[in-house]
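Now for the letters of each chain:
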Amino acid sequence: MYCLRILFFLLPAISGLANVFQLFKLPQSVLVIIPIALLALSFFEMKKVKVNTTKENKFRMYMSIICLYAYTIISSFYVFIADGAYDLKNSVIILINIIPLVWIAFYRPGYTIDLNNLMKIYVYSTLIMCFLFLLFCIPILLINGSKAWAFISMNVIPNRNDSSIIMLIALSALFFLNTFNSVMLRIVFSSIIVISILLTFSRSAYLCVAALVLFYSIRSGHFLRYSVLIGCVAILLIFTDNPISDRLFYTFESGNVGKYDDSTSLRFQIWDYALSKFSENPVFGVGFGKGPFFDTLLDAKYSNSILYAHNYYITQLYQLGIIGFSLSLLTFFYMAKSALGYISSHCSFIISIVIIFSVASFSGEPLYGYPKYVFFVIYCLLMNNCIQRESFKI
């Protein structure tokens, strides 16, 4: 299973490389070719075993994903045909992305993968990425102090929301899987990853960490203990001068538009325009690929830089209407439901990935960014091959 091992090792590295592509204005979509190729090759290496799996939930999950992608492709073709100002790139990218998902959905050979060992490789690769990231960040923090977040978020890790998802999946593996037997090792590795996530200055990543800790506290039966821990960390960050609190306070400060970034004020404007477009086309939406400012006075200014609403749910509403939005919710639902029945650790891990994906969706476009597309690949691969099952209820 060398291809799968290489795939899981390269996923975090490719995510880090996506930041370089972003800084130098290179097409990040080409990075998807690597995991697709390795995934295709991996099917020729797996050993066949006897399995006993329930297919009903899986079938519904895969059909919801396929219907969502198919509807997105149809919508993008409609935009291409109806408006000559838009090219065919969006349709081609979505079409390429769906190929491995369809393959996984219908090619069910009953193969098994060692989830713990594969995620152990993934964690090691993520740790390497985190070490390199921290080596860049520490000198910047020492020089710029509490204002370092502005430089780091714009010049070191511009894809901070996407990159943090890769780190969050590794953190989830440390929480829920038996990747490492040593408790001390898990604590050390988790600390490194959490510090790296904090230094991405991604607000959606902070929410994801809180959601993961909350889910872990419920599953472990130590809700009060971890609630106190989260509260103490929050108080420490709020009442001390540090770049994380400075970043969070900046979100709510007025008069800062354009000083470092105006993402908060601009997002409210984007959402207002996007929801107005949804109200005009509630059933089918305006079509996949059209920006929230199209056919407005702001289109000329933002047409090349703002293609989505920076909120997956709002994007689905205004681009794909109630149909696309409903298919998205069905996909999330069946992804979580299909995890039931797997052994406790696998079930918790798989559901935690859905939590990461759904929370991060409030600030980003999961179907379009590379790390978020990787989520679909990892999730479908795990759901199709993690065959150990037992009676388990959440």
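About the criteria used
- Residues numbered from 1 in each chain as written.
- Predicted model: local features only at pLDDT ≥ 70, side-chain atom pairs only at ≥ 80, totals over all residues.
- Heavy atoms only, no water.
- Helix = DSSP H or I, 4+ residues; strand = E, 2+ residues; numbered from the N terminus.
- Buried < 20%, exposed > 50% of the residue type's maximum accessible area, 1.4 Å probe, protein only.
- Contact = heavy atoms within 4.5 Å.
- Areas by Shrake-Rupley, 256 points an atom, 1.4 Å probe, with all protein chains shown as cover.
- pLDDT = per-residue confidence, 0-100.
- Axes fitted to C-alpha atoms, helices over the stretch in contact; angles between N-to-C directions.
- Parallel < 35°, antiparallel > 145°, perpendicular 65-115°, else oblique.
- Left-handed = near helix turned anticlockwise from the far one by under 90°.
- Nonpolar A, V, L, I, M, F, W, Y, C, P; charged D, E, K, R; others polar.
- Core = buried A, V, L, I, M, F, W, Y, C linked by side-chain atoms within 4.5 Å.
- Polar contact = N/O pair within 3.5 Å; in protein donor to acceptor, adjacent residues only side chain to side chain.
- Phe/Tyr/Trp six-rings, centres within 6.5 Å; stacked < 30°, edge-to-face > 60°.
- Lys NZ or Arg CZ within 6 Å of the ring centre and 35° of its normal.
- Patch = residues over 30% accessible without salt bridge, like charges linked within 9 Å, V, L, I, M, F, W, Y side chains within 5 Å.
- Salt bridge = Lys/Arg side-chain N within 4 Å of Asp/Glu carboxyl O.
- Expected span 1.5 Å × (residues − 1).

**Q** Mind showing me how you'd approach the overall build of the protein chain here?
**A** Secondary structure assignment for the protein chain yields 16 helices and 0 strands. Looking at the protein chain as a whole, 54% of its 394 residues are labelled buried. For the protein chain, restricting intrachain contacts to residue pairs at least 6 apart in sequence, the fraction spanning at least 24 positions comes to 78%. Carbon and sulfur atoms make up 68% of the accessible area of the protein chain, which totals about 18200 Å².

**Q** Just checking my understanding: could you explain the confidence of the model for the protein chain for this structure?
**A** Any region with low pLDDT has predicted coordinates that should not be read closely. Of all residues in the protein chain, 75% attain a pLDDT of 70 or more, and the chain-wide mean is 77. Looking across the protein chain, the model is least confident in helix 16 (residues 370-385), with a mean pLDDT of 58, and most confident in helix 8 (residues 183-199), with 93. Scored below 50 in pLDDT, residues 48-54 shows 14 contacts in the model against residues more than four places distant or in partner chains. Throughout residues 387-394 the model reports pLDDT below 50, and contacts reaching past four residues in sequence, or to other chains, amount to 29 contacts.

**Q** Would you mind showing me how to read the packing of helix 1 (residues 2-23) against helix 2 (residues 33-42) here?
**A** Packed helices, taken two at a time, are described by the angle between their axes plus the distance between the axes. Contact geometry for helix 1 and helix 2: axes closest at 9 Å, N-to-C directions at 165 degrees. Accordingly, the angle class assigned to the pair helix 1 and helix 2 is roughly antiparallel. Where helix 1 crosses over helix 2, the handedness of that crossing is left-handed. For the pair helix 1 and helix 2, contact is made by Cys3, Leu4, Ile6, Leu7, Leu10, Leu11 and Ile14 and by Ile34, Pro35, Leu38, Leu39, Leu41 and Ser42, respectively. Tallied by class, residues from the contact of helix 1 with helix 2 come to 12 nonpolar, 1 polar and no charged.

**Q** It is not clear to me how the nonpolar core should be interpreted in this structure. Could you clarify?
**A** One recurring pattern in soluble globular proteins: nonpolar side chains tend to sit buried together. Counting residues in each nonpolar core, the largest one holds 64 residues, and the members touching the most others are Met119, Ile152, Ile193 and Phe349. Looking at this core element by element, the count peaks at 12 residues for helix 5 (residues 115-144). Setting aside residues up to four positions removed in sequence, Met119 forms contacts with Phe8, Ile169, Ala173, Leu177, Thr179 and Phe349.

**Q** What exactly am I supposed to notice about the environment of Ser276 here?
**A** Along the polypeptide, Ser276 turns up in helix 12 (residues 263-280). Under the relative-accessibility criterion, Ser276 is labelled partly exposed at 29%. Taking the C-alpha atoms as reference points, Ser276 and Tyr318, 42 residues apart in sequence, are found 8.1 Å from one another. At 2.5 Å, the side chain of Ser276 forms a polar contact with the backbone oxygen of Tyr273.

**Q** It is not clear to me how the packing of aromatic side chains should be interpreted in this structure. Could you clarify?
**A** Two measures describe an aromatic ring pair: the distance that separates the ring centres and the angle between the ring planes. Tallied over the entire structure, the rule returns 15 aromatic pairs. Residues Tyr124 and Phe180 carry aromatic rings whose centres are separated by 5.4 Å and whose planes lie at 85 degrees to one another, so their mutual orientation is edge-to-face. Pair noted here: Tyr124 is in helix 5 and Phe180 is in the loop between helix 7 (160-176) and helix 8, with a separation of 56 residues, a long-range link. Overall, Tyr124 belongs to the partly exposed group, its relative accessible area being 39%. On the basis of relative accessible area, Phe180 is assigned to the buried category, the value being 5%. Note on Phe180 and Phe189: the rings are 5.2 Å apart at their centroids and 75 degrees apart in plane angle, and the pair reads as edge-to-face. The exposure class assigned to Phe189 is buried, which follows from its relative accessible area of 12%. Of the aromatic side chains, those joined through ring pairs into one cluster are Phe175, Phe176, Phe215 and Tyr216. Directly above the aromatic system of Tyr2 lies the positively charged group of Arg5, at a separation of 5.6 Å from the ring centroid.

**Q** Where do I start with a nonpolar patch on the surface in this structure?
**A** A cluster of nonpolar side chains, namely Leu17, Val20, Leu23, Phe24 and Leu26, defines an oily patch on the protein surface of about 440 Å² accessible area. With respect to the helices and strands, the residue Leu23 is situated in helix 1. For Leu23, a relative accessible area of 36% puts it in the partly exposed group.

**Q** Is there a simple way to think about the side chain of Arg267 in this case?
**A** With respect to the element layout, Arg267 can be found in helix 12. Residue classification places Arg267 among the buried positions, given a relative accessible area of 14%. Setting aside anything within four residues of it in sequence, one finds Arg267 in contact with Asn161, Arg203, His310 and Ser363.

**Q** Could you clarify how one ought to interpret unusual backbone geometry in this entry?
**A** Note: most residues except glycine have negative phi, and most peptide bonds are trans. Within the chain, Lys25 stands out as a residue other than glycine whose phi angle is a positive 60 degrees. Phi at Phe201 is positive, roughly 60 degrees, even though this residue is not glycine. Along the chain, Phe201 turns up in the loop between helix 8 and helix 9 (203-220). Using a relative accessible area of 0% as the deciding quantity, one classes Phe201 as buried.

**Q** I tried to follow helix 8 on my own but got confused; where do I start?
**A** In an α-helix, one turn spans 3.6 residues; hence positions three or four apart end up facing the same way. For helix 8, spanning 17 residues, the distance from its first C-alpha to its last is 24 Å, which sits close to the expected 24 Å at 1.5 Å a residue. If you check which residues of helix 8 are buried, you get Phe189, Ser190, Ile192, Ile193, Ser196, Ile197 and Leu199. Each element contacted by the buried residues of helix 8 is listed here: helix 5, helix 6 (148-155), helix 7 and helix 9. Looking one or two residues past helix 8, Phe201 carries a phi angle of roughly 60 degrees, positive in sign.

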